[in-house]
Structure formats: C-alpha cells, structure tokens
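Overview (structure and organization)
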Amino acid sequence: MIFDGHSDLLYDVTRRRLAGETHVLERYHLDRLRRGGIEGLVLALWYGRGQGQTFWEGVPGAEQSAHRLEVMLSCAQAEFAECPWLAVVRTAQEAEAAKAGGKLYAFLGIEGMEGLDRPEDLDRLAALGLRLGMLTWNEENRFAAGAAQDPSKGLTDLGRRTLRRMGDLGILVDVSHLNDGGFREVLKLAHGPVIASHSNCRALCDVPRNLTDEQLRAIRDSGGAVGLNAHYKFVHQDPQRQTAETLALHAAHMAEVMGVEHVVCGFDFCEFMGPGNDAATGLEDCGRAASFLDCLERLGMPAKERSMIARENLLRIFGGRQ
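Structure report, in brief. Every chain is numbered on its own, with residues counted from 1 as its sequence reads. Given that the model is predicted, a residue must reach a pLDDT of at least 70 before its local features are reported, and side-chain atom pairs must reach 80 or more before they are shown or counted; all residues, however, enter totals for whole chains, interfaces and linings. For side-chain calculations, the full set of non-hydrogen atoms in the structure is used, while hydrogens and water are omitted.

Some words on the overall build of the protein chain
As a reminder of what qualifies: By definition, any uninterrupted DSSP run of H or I lasting at least four residues is a helix, any uninterrupted run of E lasting at least two residues is a strand, and each is numbered from the N terminus. For every residue, the accessible area (1.4 Å probe, protein chains only) is compared with the maximum for its type, and the residue is labelled buried under 20%, exposed over 50%, or partly exposed between those bounds. The contact rule is simple, with two residues in contact once any of their heavy atoms fall within 4.5 Å. Per-residue and other accessible areas follow the Shrake-Rupley method at a 1.4 Å probe size, with only the shown protein chains counted as cover for residues. The charged-residue count follows a simple rule in which Lys and Arg add positive charge and Asp and Glu add negative charge, with His and chain termini not counted at all. One atom stands in for each charge, and that atom is NZ of Lys, CZ of Arg, CG of Asp or CD of Glu.
Scanning the protein chain from terminus to terminus reveals 11 helices and nine strands. Seen through its principal axes, the protein chain has C-alpha atoms that stretch 50 × 45 × 40 Å. Here the protein chain holds 322 residues, and the buried ones make up 60% of them. When contacts within the protein chain are restricted to residue pairs at least 6 apart in sequence, long-range pairs at least 24 apart make up 70% of them. Summed over all atoms, the accessible surface of the protein chain reaches about 12,700 Å², with 49% contributed by carbon and sulfur. The protein chain carries 36 positive and 45 negative side-chain charges, and their two centres are separated by 3 Å.

Regarding the packing of aromatic side chains
What counts is decided by this rule: In summary, the pairing rule links any two rings of Phe, Tyr or Trp, Trp by its six-membered ring, whose centres are within 6.5 Å, and it sorts them by plane angle into stacked for under 30 degrees, edge-to-face for over 60 and tilted for everything else. Only when the NZ atom of a Lys or the CZ atom of an Arg is both within 6 Å of the ring centre and within 35 degrees of the ring normal do we say a charge sits over the ring.
Counted by the stated rule, this structure contains 11 aromatic pairs. Taking 5.1 Å as the distance between ring centres and 70° as the angle between the ring planes, the aromatic pair formed by Tyr11 and Phe55 counts as edge-to-face. Of the two residues, Tyr11 is situated in helix H1 (residues 9-18) and Phe55 in the loop between strand S2 (38-45) and helix H3 (65-80); the sequence distance between them amounts to 44 residues. Both residues of the pair, Tyr11 and Phe55, count as buried. Ring geometry for Trp46 versus Trp137: centroids 5.0 Å apart, planes at 45°, classification tilted. Of this pair, Trp46 sits in the loop between S2 and H3 while Trp137 sits in the loop between strand S5 (130-134) and helix H6 (157-169), placing them 91 residues apart in sequence. Considered together, Trp46 and Trp137 belong to a single accessibility category, that of buried residues. Following the ring pairs from residue to residue traces out a cluster consisting of Tyr11, Trp46, Phe55, Trp56 and Trp137. In this structure, Arg16 packs its charged tip against the face of Tyr28, placed 3.6 Å from the ring centre.

Examining helix H9 (residues 244-258)
Side chains of residues three or four places apart in an α-helix project in the same direction, reflecting 3.6 residues per turn. Test applied: One fewer than the residue count of a helix, multiplied by 1.5 Å, yields its expected span.
Spanning 15 residues, H9 covers 21 Å between terminal C-alpha atoms, matching the ideal 21 Å at 1.5 Å per step. With 11 of 15 residues buried, H9 is to be regarded as a mostly interior element. Those residues of H9 lying buried are Ala244, Thr246, Leu247, Ala248, His250, Ala251, His253, Met254, Ala255, Val257 and Met258. Those residues of H9 that are buried are in contact with helix H8 (213-222), strand S8 (225-228), strand S9 (263-265) and helix H10 (289-298). Count one or two residues on from H9 and you reach Gly259, which has phi positive near 100°.

Re the pairing of S8
In plain terms, the rule: Two strands qualify as a pair provided DSSP detects at least 2 bridges between them. The definition of a right-handed crossover adopted here requires that, viewed with the strands pointing away, the path from the first strand over the helix to the second runs clockwise.
Where burial is concerned, the two faces of S8 agree: the one with Ala225 and Gly227 and the one with Val226 and Leu228 are both buried. Taken together, the two bridges between strand S7 (residues 194-196) and S8 define a ladder with parallel strand orientation. Following the sheet pairing, Ala196 is matched in S8 by Val226. Across three bridges, the pairing between S8 and S9 is parallel. Across the sheet, the residue bridging to Gly227 is Val264, located in S9. The β-α-β motif built from S8, the intervening H9 and the parallel element S9 has right-handed crossover chirality.

Brief notes about H3
Between the first and last C-alpha of H3 there are 23 Å, a value that for 16 residues agrees with the 22 Å anticipated at 1.5 Å per step. The elements touched by buried residues of H3 are H1, helix H2 (24-35), S2, strand S3 (86-88), strand S4 (104-111) and helix H5 (122-127).

Some words on the nonpolar core
The line we're drawing: Put simply, a nonpolar core is a bunch of buried Ala, Val, Leu, Ile, Met, Phe, Trp, Tyr and Cys residues held in one set by side-chain atoms that sit within 4.5 Å of each other.
Ranked by internal contacts, the top residues of the largest apolar core, which has 91 residues, are Val175, Phe267 and Phe292. Here this core takes eight residues from H9, the largest share from any one element. In contact with Phe267, not counting residues within four places along its chain, are Ile2, Asp4, His6, Leu228, Asn229, Ala230, His231, Leu247, Ala289 and Phe292.

Remarks on the side chain of Thr136
For the record, the criterion: Nitrogen and oxygen atoms within 3.5 Å of one another constitute a polar contact, given that in protein one can donate a hydrogen and the other can accept it, and given that sequence-neighbouring residues count only through two side-chain atoms.
Residue position: Thr136 is located in the loop between S5 and H6. Within the structure, the side chain of Thr136 is placed 2.6 Å from the backbone oxygen of Glu139, a separation counted as a polar contact. Apart from residues no more than four positions distant in its own chain, Thr136 is found in contact with Gly112, Met113, Asn141, Ala144, Ala145, Gly146, His177 and Leu178.

Considering the packing of helix H4 (residues 92-100) against helix H11 (residues 303-318)
Here is the rule we go by: The angle between two axes is taken between their N-to-C directions and runs from 0 to 180 degrees, where each axis is a line fitted to C-alpha atoms and a helix contributes only its stretch in contact. Throughout this description, any angle smaller than 35 degrees is read as roughly parallel, any larger than 145 degrees as roughly antiparallel, any in the 65 to 115 degree range as roughly perpendicular, and the remainder as oblique. In this classification, the charged set is Asp, Glu, Lys and Arg, the nonpolar set is Ala, Val, Leu, Ile, Met, Phe, Trp, Tyr, Cys and Pro, and all remaining amino acids, among them Gly, are polar.
At their nearest, the axes of H4 and H11 sit 8 Å apart, and the two run at 130° to each other. Accordingly, the angle class assigned to the pair H4 and H11 is oblique. Contact residues: Ala92, Ala95, Glu96 and Lys99 in H4; Arg311, Leu315 and Phe318 in H11. For the contact of H4 with H11, the residue count by class is four nonpolar, no polar and three charged.

And the structure:
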C-alpha cells in the first residue's frame, strides 16, 4: 500500500464541479486509486493558473489569487461531503484509523501562498486541516521565489514570518517548488522536519525542480523526507529513459545519500490536466503506482525498505507535533 505525498486531484475536482459535476473523485479517480494500491494522499490546494490557459480563465473573479483559493476550498469541502469512503485527517494516528476502517485518508496541503496576505491567514486553513505548506509554486510572490526564478533570491520578511507561523501551527514546510536561495534559508530557519514532497535528484536529472546531493543531506539532517516525482521532465532528460525504472534509480540514489528512512512517494500524477502533464512510462497514472514498488524490488531493495518508502516514512513525519 502507498501513501502518495503529493496529489493534484483537487484541481480536477474544482474544474469539474465548476462545470456542474458532482462526485468527481468517485466517478473519475477512485477505481484507479484502489488499483494502484493508494491508501492515502496529500491533496494539494494548487490554485495557480500555471502557464497557458486553464479552466480559471472563465471563472469570474479568478484574476485574484485569493478568490481562486476560496473557490477551490469550497469545491473541496463540497466534494469531501460526498465521499463517505474518504477521511480527511490531521495525524498519522487518524490516518491509520481510517485505513483500519476501510477508508482512504487524505491530508491537506497548500501549493503556494500567493492567495494569502499575512501569516495569520494560515490559522483558518490550519483549522480546516492544513498540514503541509509551500511558500510558492514556480512563480515569485510576496513570500519567496519559485524554482523557475532567480536562484540567488532568499525569502522575504513576510516569508520568514510565515515560516514561523507554520511552525507555531504544526504545518510542515514543503520546499519542492522553492528556488535554491529560498531552500537554504528555510533549512536554516525551520524547526523540525522539512519535506520536499515531489522532487527528484539533480545528479540523475539536472533541472531546477530537482535537488542536489547537498540539499538531500540538508533535508535528512532536518529529519525530513523527499518524495519521488513521476513527472517525466524530472525523471531524465533523455526521453528514452523517462521510465518507472529510472525513477527507481532516483530512489536508490536518495537512499544512498540520505538513508532510506528519508525517501517517500510524491508522484504528482496530473495527466488529467492535459498534454504536457504526462508521467514516466510505466507510471502513467495512479492506477500504476504499485508497479513502482516492483521496480524497487528488481533493484534488490528488501521488502522492509520498500514498505518504508511506500508509506511508513511519511506517516512517521506526519505523526509528529501538531
């Protein structure tokens, strides 16, 4: 069974609910989640407009990031009310109880804070169950600069104050979309585990969204973890090697550099967003997730270590202080 540390399913939920659909997770995704052995996820609130046209173009008020966040929250809460088979949880203990009761579990995360004005805005989100937060997506905002921006920039004063507020509220810090300068500052200032929920190794695929060995060790030293990302661009720069087998090599490299107890899954499946959002061959969607564990087995990784990567490591981190 797999605990996937980064899922954008709330994007599809919002898109379809705004078009008048209901029961989106059950109708379009539940069968694949079960087929892939997914026992739980971190559902990310990614309300950015990305590059190019998205469904937000036709939503009144969507030019304001705060409005997009509120719309996604509203759609998510309406969807959860229709999902008796899903438990939104805040702790590892609640997750294990949900699993024992035959339910999938979901933690909430936020992928970029451009929709917030001040650190105290996190209080309401924490009350709704937020447990994981990124200061930025790929853009530069009031808090920090994303991976696509100037790598030398650090956090803003607002970003530093928000980081402190996250610590006070028990919201784990996620650096997957942060630039290198922001990464260094977060690792210097954060108290407790830091997570990169969906990033791979630059040693195997040299792109800004992946992490250097030095960054991997810094996350290890914080007590955190790095989630393996199935998106093809972050697996290998050679299209012929953008495969589940190559992603398994990322896992092996992380285990060698950090120790296997700091390696987790964060597959970032988003094929439902359209062309250009494809995953590695053999991991086309969440229904194929379990095949990744077969790749680890073929590398000679013992069953205990595969289980640690699949679920145990990330649940341990979420079992920390709230």
